[in-house]
Amino acid sequence: DRQSLWLRLALAQSCLGSKQFECVLDVDREILALNSESAEADMLAGEALDEMRDHAGAIQQFQAAAKVDPKMPNVHFALGYVLWTQNQLEDAAKEFDAELANTPNHPQALIYLADVHIKLGDSAAAQPLLEKAIKIDPRIALGHLDLGIIYASAGRKTEALREMKTAEEQNPNDQNVHWHLARFY
């Protein structure tokens, strides 16, 4: 049924899951022809464009999704994450804050907002966000790494080493983790 938005969205999700990004964009155009204000379609297209390394296009799609449905789960996180990858830190922080307004215990939004604070030189604002996020979901390596960095700079060596080693266990191929551990040693 070419008129079924639900089936079109399922097809787009299937295309995304199988890394057929052009298919996602084709289905997105079909969905938007049926419903020009589909936040779900904009989100899927944004994810596909991000995977295709079209960051400007992804930002545009995520902004469109946020405009249509600002309460949609993960819409602000997705936009914030792409902005973060492009080092647009202040704009990323606004999006992570917006996601946290919708979902206060969103662990990834907490961790990436904390990472922005660290990069902007405000470890004091980052620490409680990281500690909260790790209690919610201890499997996110970036949270442990950033918390280890904060603890190391505060002279809390035992805690710093524990957090950095946890980050290393969770993501053993991350060069950034190894660099920080080497620097710590």
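Cut-offs used in this document
- Residues numbered from 1 in each chain as written.
- Predicted model: local features only at pLDDT ≥ 70, side-chain atom pairs only at ≥ 80, totals over all residues.
- Heavy atoms only, no water.
- Helix = DSSP H or I, 4+ residues; strand = E, 2+ residues; numbered from the N terminus.
- Buried < 20%, exposed > 50% of the residue type's maximum accessible area, 1.4 Å probe, protein only.
- Contact = heavy atoms within 4.5 Å.
- Areas by Shrake-Rupley, 256 points an atom, 1.4 Å probe, with all protein chains shown as cover.
- Lys, Arg positive; Asp, Glu negative; His and termini not counted.
- Charge placed at Lys NZ, Arg CZ, Asp CG, Glu CD.
- Axes fitted to C-alpha atoms, helices over the stretch in contact; angles between N-to-C directions.
- Parallel < 35°, antiparallel > 145°, perpendicular 65-115°, else oblique.
- Left-handed = near helix turned anticlockwise from the far one by under 90°.
- Nonpolar A, V, L, I, M, F, W, Y, C, P; charged D, E, K, R; others polar.
- Disulfide = S-S within 2.5 Å.
- Salt bridge = Lys/Arg side-chain N within 4 Å of Asp/Glu carboxyl O.
- Core = buried A, V, L, I, M, F, W, Y, C linked by side-chain atoms within 4.5 Å.

We now examine the overall build of the protein chain. Each helix and strand in the protein chain was counted, giving 11 helices and zero strands. Scanning the protein chain from its N terminus toward the C terminus, one meets helices and strands in the order α-α-α-α-α-α-α-α-α-α-α. Buried residues in the protein chain amount to 45% of all 185 residues. In the protein chain, of all internal contacts separated by at least 6 residues, the share reaching a separation of at least 24 is 43%. Counting every atom, the protein chain has about 9900 Å² of accessible surface; 50% of that belongs to carbon and sulfur. Computed over 17 positive and 28 negative side-chain charges, the separation of the two mean positions in the protein chain equals 5 Å.

Time to look at the packing of helix α2 (residues 21–34) against helix α3 (residues 39–51). In the contact formed by α2 and α3, the axes pass within 9 Å of each other and the chain directions differ by 155 degrees. Judged on the interaxial angle alone, α3 and α2 are roughly antiparallel. The interaxial crossing formed by α2 with α3 has left-handed handedness. On α3, the residues touching Phe-21, Val-24, Leu-25, Asp-28, Ile-31 and Leu-32 of α2 are Ala-41, Asp-42, Leu-44, Ala-45, Ala-48, Leu-49 and Glu-51. Looking at side-chain class alone, the contact of α2 with α3 contains 10 nonpolar, no polar and three charged residues.

What follows concerns the state of the cysteines. Scanning the model with the defined rule gives one disulfide in all. Between the sulfur atoms of Cys-15 and its disulfide partner Cys-23 the distance amounts to 1.9 Å. Classification of Cys-15 as buried rests on a relative accessible area of 4%.

Moving on to the pattern of salt bridges. Following the criterion strictly, the structure yields five salt bridges and no others. With a shortest N-O distance of 2.7 Å, Glu-159 and Arg-156 are connected by a salt bridge. In this structure, Lys-165 and Glu-168 form a salt bridge, with 3.1 Å as the shortest nitrogen-oxygen distance. Placement of the pair is Lys-165 and Glu-168 together in helix α10 (residues 157–170), with a separation of three residues, close to one helical turn.

Counting 53 residues, the largest nonpolar core has Met-43, Phe-62, Trp-84, Phe-96, Val-116 and Leu-130 as its most contacted members. Residues contacting Val-116, with those up to four places away along its chain left out, are Trp-84, Leu-89, Ala-92, Ala-93 and Phe-96.

Let us now look at the packing of helix α9 (residues 141–153) against α10. The N-to-C vectors of α9 and α10 enclose an angle of 155 degrees; their axes lie 7 Å apart at closest approach. The angle between α9 and α10 falls in the class roughly antiparallel. Crossing of α9 over α10 shows left-handed handedness. Residues Ala-141, His-144, Leu-145, Leu-147, Gly-148, Ile-149, Tyr-151 and Ala-152 of α9 form the contact with α10, whose participating residues are Glu-159, Ala-160, Arg-162, Glu-163, Met-164, Thr-166, Ala-167 and Gln-170. Broken down by class, the residue content of the contact of α9 with α10 amounts to nine nonpolar, four polar and three charged.

Another point: helix α5 (residues 75–85). In an α-helix, one turn spans 3.6 residues, which is why side chains three or four residues apart end up on the same side. Among the 11 residues in α5, nine count as buried, and that is most of the element. Val-75, His-76, Phe-77, Ala-78, Leu-79, Gly-80, Val-82, Leu-83 and Trp-84 are the residues of α5 that are buried. Looking at the buried residues of α5, the elements they touch are α3, α4 (55–68), α6 (89–102), α7 (107–119) and α9.

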